[in-house]
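# Architecture at a glance
What follows is the residue order along each chain.
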Amino acid sequence: MISLKNKNLSISCFLFASLILYDPAYATIYFYFDAEDGNIAGTNLPLPATAPNGLGFCGTPCGGLPPTGTYGSSISAPQGNMYFEWNITSPNQGNVRNEVKNRLTFPVSLSLGTTYYLAYWMRFDRKNGLDIWQEGSLQSSDKGVELSGDGIRWTTSRGQWTECRGVSGAFMANADHRFTVWVGNPTYHLNPSLEAYGPNQSGYSCSNTPQLEYERWYSVVLGVKVAIDATGSIQYWLDGTKIIEDTGIQTAASGISPTISAINMGGTMSQPAYDAPPHYRRFDALMLTNNWQDIVDGGYLAGAVSPPPPDSISTPSIPSEFRLE
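### Quick look at the state of the cysteines
When the sulfur atoms of two cysteines share a covalent bond, that bond is a disulfide. For the structure shown, the criterion picks out 2 disulfides. What pairs with Cys58 in a disulfide is Cys62, and their sulfur atoms sit 1.9 Å apart. Handedness here is read from the sign of the S-S torsion; for Cys58 and Cys62, about 95°, the answer is right-handed. Residue pairing for Cys164: its cysteine sulfur links by disulfide to Cys206, the two sulfurs lying 2.0 Å apart. The sign of the S-S torsion, about -70°, decides the handedness of the disulfide formed by Cys164 and Cys206: left-handed. Residue Cys164 is found in the loop between β9 (152–160) and β10 (178–184), and its partner Cys206 is found in the loop between β10 and β11 (212–213); the two are separated by 42 residues along the sequence. Per residue, the accessibility class of Cys164 equals that of Cys206, and both read buried. Here the disulfide map of the protein reads 1-2, 3-4, the bonded cysteines being numbered as they appear in the sequence.

Below, the structure written as structure tokens:
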């Protein structure tokens, strides 16, 4: 005879298993790396194929140019004591392409109607005071940190661009020693009238973009609601302030079961001239999750007065640190 205690335990285990097996929206952190795993500064980042926990960065073995990314601690980190970085020593280098993944959970099969969040901190440090991206009415940008896979490619781009929301030349020229950010969809071209999704929230626009500084940490959160029809959305938070939101759009290619096969980093640098001078590119607490609470708990919205829910309407005010004085 099964005791009441064992019976209740069996029921609990069955319900828990049912949630995992049958609920595609079950909250999951698919990837998280904050460099606090005991390795010392200067050592190489792990490869996905060899890391015991499955987390890794595949650079030169996956076709990227050197250098290999390393652990860093020479400056303060936004999360813990360590971060990860690429020390670019060659001028005019085109990429340090890395396929970043957890071999235990990737590829991630995406559930239609579910929102997936990519979050991280970024910082770009110049050498000899030379700006990484050009300024003016021109193109000089990185595709940035990307969600890439079958039917999916969304980028968190940075630098200087021209076309904004389908209008040629609509992006303002950055101020001296500044750069800006936007969202791109460079492969599947799901919404051709938009393409480069420039800022459109919290008082920002293509002609009034956030002006980011070198030698400073910023938190980035990208939210993508997966849809093969016009029911999807994208959102972008910079230091806790929502600066981009587009709803009623397609976010995944139709006829394909959408997956995320990797988080790509460093695929392009200062495109199309590829003329970036030597510099440091630094990151921390890289996360992929389908749970908004993970974003709140991770501190990525700490720059906001209070953590906004993902569907909140931003107030039309520009934080002082992003204003063009």
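After presenting the structure, the write-up continues.
### So, the nonpolar core
Counting residues in hydrophobic clusters, the biggest one holds 58 residues, and the most contacted among them are Met122, Trp154, Ile263 and Leu286. It is strand β7 (residues 115–126) that contributes the most residues to this core, 5 residues altogether. In contact with Met122, not counting residues within four places along its chain, are Arg158, Phe179, Val181, Leu212, Arg216, Trp217, Tyr218, Val220, Arg282 and Phe283. Within the second largest apolar cluster, 14 residues are counted, among which are Ala77, Val221, Tyr300 and Leu301.

### Some points on the confidence of the model for the protein
Averaged over the protein, the pLDDT score is 88; the fraction of residues at 70 or greater is 85%. Low pLDDT, under 50, characterises residues 1–25; the stretch is placed with 8 contacts to residues that sit more than four places away or in other chains. Contacts of residues 312–325 to residues separated by more than four positions or lying in other chains number 30 contacts, the stretch itself having pLDDT below 50.

### Considering the pattern of salt bridges
Scanning the model with the defined rule gives 14 salt bridges in all. Across the pair Glu85 and Arg282 runs a salt bridge whose closest N-O atoms are separated by 2.7 Å. Of this pair, Glu85 sits in strand β4 (residues 83–88) while Arg282 sits in strand β17 (residues 279–289), placing them 197 residues apart in sequence. Among the salt bridges present, the one from Asp125 reaches Arg123, with a minimum N-O distance of 2.8 Å. Residues participating in the shared-partner salt-bridge network are Glu85, Arg123, Asp125 and Arg282.

### Section: the pairing of strand β2 (residues 55–58)
Residues of β2 alternate between two faces, with Leu55 and Phe57 on one and Gly56 and Cys58 on the opposite face, all of them buried. With 4 bridges connecting them, β2 and strand β5 (residues 98–102) associate as antiparallel partners. From the neighbouring strand, Cys58 faces β5, where its bridge partner is Glu99.

### What about the pairing of strand β8 (residues 140–149)?
Where burial is concerned, most of β8 is hidden: 10 out of the 10 residues are buried. The hairpin formed by β8 and β9 contains 2 residues between the paired strands, and Gly151 there has a positive phi angle of roughly 75°. By the bridge criterion, 3 bridges tie β8 to strand β16 (residues 262–265) in an arrangement that is antiparallel. When the sheet's bridge partners are listed, Ser148 is paired in β16 with Ala262.

### A closer look at the sheet that holds β16
Strand order in this open sheet of 7 strands is β2-β5-β16-β8-β9-β10-β11, and the pairing throughout is antiparallel. Of all the strands in the sheet, just β2 and β11 have a single pairing partner and so form its edges.

### What to know about unusual backbone geometry
Cis rather than trans, the peptide bond between Pro66 and Pro67 has omega equal to 15°. Within the secondary structure, Pro67 sits in the loop between β2 and β3 (70–72). For the bond running from Phe106 to Pro107, omega is 0°, close enough to zero to count as cis. Along the chain, Pro107 turns up in the loop between β5 and β6 (108–109). Within the chain, Ala35 stands out as a residue other than glycine whose phi angle is a positive 70°. As for its position among the elements, Ala35 is in the loop between β1 (29–33) and β2. Relative accessible area serves as the criterion here: at 1%, Ala35 is assigned to the buried category. Backbone geometry places Ser270, a non-glycine residue, at a positive phi of 55°. With respect to the helices, strands and loops of the structure, Ser270 is situated in the loop between β16 and β17. Under the relative-accessibility criterion, Ser270 is labelled buried at 0%.

Rules used throughout
Residues numbered from 1 in each chain as written. Predicted model: local features only at pLDDT ≥ 70, side-chain atom pairs only at ≥ 80, totals over all residues. Heavy atoms only, no water. Disulfide = S-S within 2.5 Å. Helix = DSSP H or I, 4+ residues; strand = E, 2+ residues; numbered from the N terminus. Buried < 20%, exposed > 50% of the residue type's maximum accessible area, 1.4 Å probe, protein only. Core = buried A, V, L, I, M, F, W, Y, C linked by side-chain atoms within 4.5 Å. Contact = heavy atoms within 4.5 Å. pLDDT = per-residue confidence, 0-100. Salt bridge = Lys/Arg side-chain N within 4 Å of Asp/Glu carboxyl O. Pairing = 2+ DSSP bridges.

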